[in-house]
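# Inside the fold
Residue strings, one per chain:
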Number of protein chains: 2
Amino acid sequence: MGYERKNINSMQGYQYGEQAQGADILKLNTNENPYPPSPKVALALKSFDATTLRRYPNPNADEFCALVAKLHKIEPNKIIATNGGDELLRLAITTFVEPHAVVGRPDPDYSLHSTLAEIQNSRLYSIPLLQNWELPEDFSAKMNAAQASLTFVTNPQTPSGKLLSLSKIRKLVASLNGVLLLDQTYVDFADDKHKQSSIDLINEFENVLILRSLSKSYSLAGLRIGYALGAAQLIQPMRTKTKDSYNLNSITQNLACAALSSQEYMQEIWEKIKISREDLSQSLTAIGWKITPSQSNFLLAETTEKIPKSAENIYSELRQKNILVRYFDQPRTRNALRISVGTQQENQRLLVALKEICAG
Amino acid sequence: MGYERKNINSMQGYQYGEQAQGADILKLNTNENPYPPSPKVALALKSFDATTLRRYPNPNADEFCALVAKLHKIEPNKIIATNGGDELLRLAITTFVEPHAVVGRPDPDYSLHSTLAEIQNSRLYSIPLLQNWELPEDFSAKMNAAQASLTFVTNPQTPSGKLLSLSKIRKLVASLNGVLLLDQTYVDFADDKHKQSSIDLINEFENVLILRSLSKSYSLAGLRIGYALGAAQLIQPMRTKTKDSYNLNSITQNLACAALSSQEYMQEIWEKIKISREDLSQSLTAIGWKITPSQSNFLLAETTEKIPKSAENIYSELRQKNILVRYFDQPRTRNALRISVGTQQENQRLLVALKEICAG
């Protein structure tokens, strides 16, 4: 044992999805967008003046937040911009959860939650989702009984891709005593109606944070930028106290503005991905996989009696064919693969490989 | 009181140095480098392929760390790259300091320390520096008596610019029971001999972290990148457990590599700044200011009986002339201005203004 705190010593770090490189590798494991970012982003990059880098960046990404405010029609003091959505998840724990206090979440959900709880030395309280991936009726009652200071819910969910209805989310917020962090990382691939109207929650309730990320929606996982919306009393402590002073560099702020200003381009890409997703879903179903209806840019494909091998074996055989998908060795997902939706051509390569593996 | 933790509710956030914009503004308040970053950085920016941004970045900035390893002749597992030096300061507290435990530092030093200690709900223990800015003889004994888990020491110091000798730092590391975080943000403006040989400390001792930043030295405050060196047992818990999974974006990693590969260009700039610093120091002394010999890119200028106004008033009058310097309303610095070294031309403008203000 070294100098680190006991909870740090005993914890495992976060397990990344594999970031393999190589021309022949088909990467369908970390939900990256298969299309390039907006041409406006490339243009902003080329025209960025490197000499300005000698100056500190704007500490709160004011220009970017002004664009977010306009996009969602909310006040800028209800917005914080962060170094990817992951920074916001960390800040929410740092700001709202005492060490030894409880952080809640459904199980399964994003695996980073447990890492962040361990770092803060807080207790992660996981409540299993129902078989249909819905939250159990007593979810918030149990969270309140456990005195959860903060509850994470990703919607659309990971790894199922299912979208919980807005009315259920509203009931959840209204009944939770603590803060709900609604992680909408994947919402741009969901119904437009849900996407817009969920924003109203932050004006109705003082205990909900909505997290958005540009990583998947805007094809900018490599740029690290996300933002959260919420009542000013939730946002301000993170924005003025707990975040690193200059958390976003000047280039990121500049390119993120260009990305947000590309709604038309992005809308086309989101539509293309939705179409690919439905096609892939049908094709996988046709060869014997069970697919949960997804409103995200990935599918959870579960084995059935028509699939002659285990999900884990198929994962490994795909790996040998340079196709990466995600396998989580957890109770609810042991018989499943989480597959990011690629282009039609990429999805075709996956389908051919799956047929070969299951025929072989 | 809202949903935030009590310690967060009661704390103040970090107070930034003013980030004013405008063509006529002379910004000598936050120690930014007056020269542009290396032309290699501009070139790397122009040739960066924006389409690669759809992918996650390398989680540990491996290429950058390999260059750091080569530069300092140490193993890559003794290096962590961070989102500015500030991220490393936060990670050190998160990793090594329990809530309610003690973080030590000399007083004055970097004002962010107290903000970070408040966020972790740990106790900041400050020991006043001697009149000549040296650490008191019993500094480490007192830190040990207070059971400081972590002690911050910035060297060259801020705000004095003084460089503590390597032999004193070595004695300090050897006698501290906890971890020493030696913040060398400004060391590239110090004697080359000190700069090189201080690295040896991490091979000699298991309880010292050395922090370097590209913000000032490499004119990259806007890019947010720094790194720390230390024994693997200190570095690894931060690198694999407590840092955000993807803390540095792809562009930052790429441009930082270009910067580190520009040693010759940077060396010239460091020499220019050292010359400007000595010239400015002499000129300020000549008009009645007391200057602590600085090995940094700033000067602490204290008023004497020859200066007819208070430091605070002079700070305000400079502000009216669009010249920003830093004024800290603290016991040791109430009679002083911290002035970043600019180009010879910028320093000249400052001197003219100071003469006007003190004559008026």
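Residues numbered from 1 in each chain as written. Chains lettered and ligands numbered in written order. Predicted model: local features only at pLDDT ≥ 70, side-chain atom pairs only at ≥ 80, totals over all residues. Heavy atoms only, no water.

### Remarks on empty space enclosed by the protein
Rolled over the atoms, a probe as big as a water molecule pinpoints where empty space is left. Inspection of the entire model under this criterion finds 7 cavities of 30 Å³ or more. By volume, the largest cavity is sized at about 210 Å³. Lining the largest cavity are 14 residues, with A:Arg90, A:Thr94, A:Gln120, B:Thr94 and B:Gln120 positioned closest to its centre. Elements that contribute at least two residues to the lining of the largest cavity include exactly α4 (84-96) and α5 (112-120) of chain A together with α4 (84-96) and α5 (112-120) of chain B. Its residues assigned to classes, the lining of the largest cavity comprises 6 nonpolar, 5 polar and 3 charged. (1 Å grid on protein atoms, 1.4 Å probe; cavity = no way out; pocket = protein on both sides within 12 Å on 5 of 7 lines; lining within 4 Å. Points joined across faces, edges and corners; volume = space filled by probe spheres on them. Helix = DSSP H or I, 4+ residues; strand = E, 2+ residues; numbered from the N terminus. Nonpolar A, V, L, I, M, F, W, Y, C, P; charged D, E, K, R; others polar.)

### What about the side chain of A:Thr292?
Residues and elements named next belong to chain A. Structurally, Thr292 is set in the loop between β9 (290-291) and β10 (298-302). In this structure Thr292 comes out as buried when scored by relative accessible area, which is 9%. At 3.4 Å, the side chain of Thr292 forms a polar contact with the side chain of Trp133. The contact partners of Thr292, leaving out residues within four places of it in the chain, are Trp133, Ser160, Lys162, Leu300 and Glu302. (Buried < 20%, exposed > 50% of the residue type's maximum accessible area, 1.4 Å probe, protein only. Polar contact = N/O pair within 3.5 Å; in protein donor to acceptor, adjacent residues only side chain to side chain. Contact = heavy atoms within 4.5 Å.)

### Considerations on the relation of the copies chain A and chain B
When chain A is brought onto chain B, the operation consists of a screw motion whose angular component is 180° and whose axial shift is 0.0 Å, with 0.0 Å RMSD remaining. Look at the turn and shift together and you get a two-fold axis relating the two. For chain A, the smallest separation between a C-alpha atom and the rotation axis is recorded for A:Lys46, amounting to 2.7 Å. An overlap of 100% is found between the interface residues of chain A and their copies at the interface of chain B, pointing to a shared contact surface. (Least-squares fit on C-alpha atoms with pLDDT ≥ 70 in both.)

### Brief notes about α4(A)
For α4(A), spanning 13 residues, the distance from its first C-alpha to its last is 19 Å, which sits close to the expected 18 Å at 1.5 Å a residue. A large share of α4(A) lies buried, amounting to 13 of its 13 residues. (Expected span 1.5 Å × (residues − 1).)

### Quick look at the environment of A:Glu278
All names here are of chain A. Here Glu278 shows up in helix α12 (residues 263-286). With relative accessibility at 36%, the residue Glu278 sits in the partly exposed group. With 16 residues separating them in the primary sequence, Glu278 and Ser294 have C-alpha atoms 8.6 Å apart.

### Points about the sheet that holds strand β7 (residues 208-213) of chain A
Residue and element names in this part refer to chain A. Across the sheet, 7 strands lie side by side as β2-β8-β7-β6-β5-β3-β4; this open sheet has mixed pairing. Of all the strands in the sheet, the pair left with one neighbour each is β2 (79-82) and β4 (123-128). Geometrically, the sheet is characterised by an average inter-axis angle of 20° between neighbouring strands, direction not taken into account. Alignment of β7 against strand β8 (residues 226-230), held across 5 bridges, turns out to be antiparallel. Within the sheet, the bridge partner assigned to Leu209 lies in β8 and is Gly230. Docked against the sheet, helix α7 (residues 166-175) engages β5 (148-154), β6 (179-183) and β7, running at close to 155° with respect to β6. Those strands touched by helix α10 (residues 232-242) are β2, β6, β7 and β8, and its axis lies near 35° from that of β2. (Pairing = 2+ DSSP bridges. Axes fitted to C-alpha atoms, helices over the stretch in contact; angles between N-to-C directions.)

### Comments concerning the sheet that holds strand β12 (residues 336-340) of chain B
Residue and element names in this part refer to chain B. The strand order across the open sheet formed by 3 strands is β9-β10-β12, and the pairing between neighbours is antiparallel. If you trace the sheet from one side to the other, it starts and ends with β9 (290-291) and β12, each paired once. In this sheet, strand β10 (residues 298-302) lies alongside β9 in antiparallel orientation, the contact comprising 2 bridges. Bridged to Ile291 within β10 is Ala301.

### Comments concerning the pairing of β10(B)
Residue and element names in this part refer to chain B. Within β10, 5 of the 5 residues are buried, leaving the element largely enclosed by the surrounding structure. Neither face of β10 is left uncovered, since the one carrying Phe298, Leu300 and Glu302 and the one carrying Leu299 and Ala301 both have all their residues buried. Counting the residues in the hairpin turn of β9 and β10 gives 6 residues. The pairing of β10 with β12 spans 5 bridges and is classified as antiparallel.

### Thoughts on the interface of chain A and chain B
In this complex, chain A contributes 80 residues to the contact, which on the side of chain B involves 80 residues. For the pair chain A and chain B, the summed buried area comes to about 6,500 Å², and 54% of that belongs to carbon and sulfur atoms. When the buried surface of chain A facing chain B is broken down by residue, A:Tyr3, A:Arg54 and A:Tyr56 rank first, second and third, together holding 13% of it. Counting across the chain A and chain B interface gives 6 salt bridges. Between B:Arg5 and A:Glu98 there is a salt bridge whose closest N-O contact spans 3.4 Å. Where chain A meets chain B, there are 45 residue pairs in polar contact (both at pLDDT 80 or more). Contributing elements (two or more residues each) for the side of chain A that touches chain B: α1 (6-10), α2 (39-47), α4, α5, α10 and α11 (250-260) of chain A. Of the residues belonging to the side of chain A that touches chain B, the class tally is 33 nonpolar, 29 polar and 18 charged. (Buried area = accessible area lost by both parts, 1.4 Å probe. Salt bridge = Lys/Arg side-chain N within 4 Å of Asp/Glu carboxyl O.)

### Re unusual backbone geometry
The omega torsion of the bond from A:Thr158 to A:Pro159 falls at 10°, within 30 degrees of zero and hence cis. Tracing the backbone through its elements, the reader meets A:Pro159 in the loop between β5 and α7. Cis geometry is found at the peptide bond from B:Asp107 to B:Pro108, where omega equals 5°. Positive phi values are uncommon outside glycine, yet B:Lys73 reaches one of about 55°.

### A closer look at the pattern of salt bridges
The full count for this structure, using the stated rule, is 43 salt bridges over all chains. Between A:Arg55 and B:Glu32 there is a salt bridge whose closest N-O contact spans 3.0 Å. Residue A:Arg55 is located in the loop between α2 and α3 (62-72), and its partner B:Glu32 is located in the loop between β1 (26-27) and α2 (39-46); the two belong to separate chains. Assessed through its relative accessible area of 4%, B:Glu32 is described here as buried. Across the salt bridge formed by A:Asp86 and A:Arg224, the nearest N and O atoms sit 4.0 Å from each other. Here A:Arg224 lies in the loop between β7 and β8 and A:Asp86 lies in helix α4, a separation of 138 residues in the sequence. Like A:Arg224, A:Asp86 is buried. Shared partners join several salt bridges into a network, and the residues in it are A:Lys27, A:Glu32 and B:Arg55.

### Concerning the packing of aromatic side chains
Using the criterion set out here, one finds 16 aromatic pairs over all chains in the structure. Where B:Tyr14 meets B:Tyr110, the ring centres are 6.2 Å apart and the plane angle is 80°; that geometry is what we call edge-to-face. Here B:Tyr14, found in the loop between α1 (6-10) and β1, pairs with B:Tyr110, found in the loop between β3 (102-107) and α5; they are 96 residues apart in sequence, far enough to count as distant. Since its relative accessible area comes to 14%, B:Tyr14 is described here as buried. Ring geometry for B:Phe64 and B:Tyr227: centres 5.9 Å apart, planes at 70°, overall edge-to-face. Pair noted here: B:Phe64 is in helix α3 (residues 62-72) and B:Tyr227 is in strand β8 (residues 226-230), with a separation of 163 residues, a long-range link. Owing to a relative accessible area of 1%, B:Phe64 belongs among the buried residues under this scheme. Owing to a relative accessible area of 2%, B:Tyr227 belongs among the buried residues under this scheme. Ring pairing ties together the aromatic residues A:Tyr14, A:Tyr16, A:Tyr110, B:Tyr56 and B:Tyr246, which thus form one cluster. (Phe/Tyr/Trp six-rings, centres within 6.5 Å; stacked < 30°, edge-to-face > 60°.)

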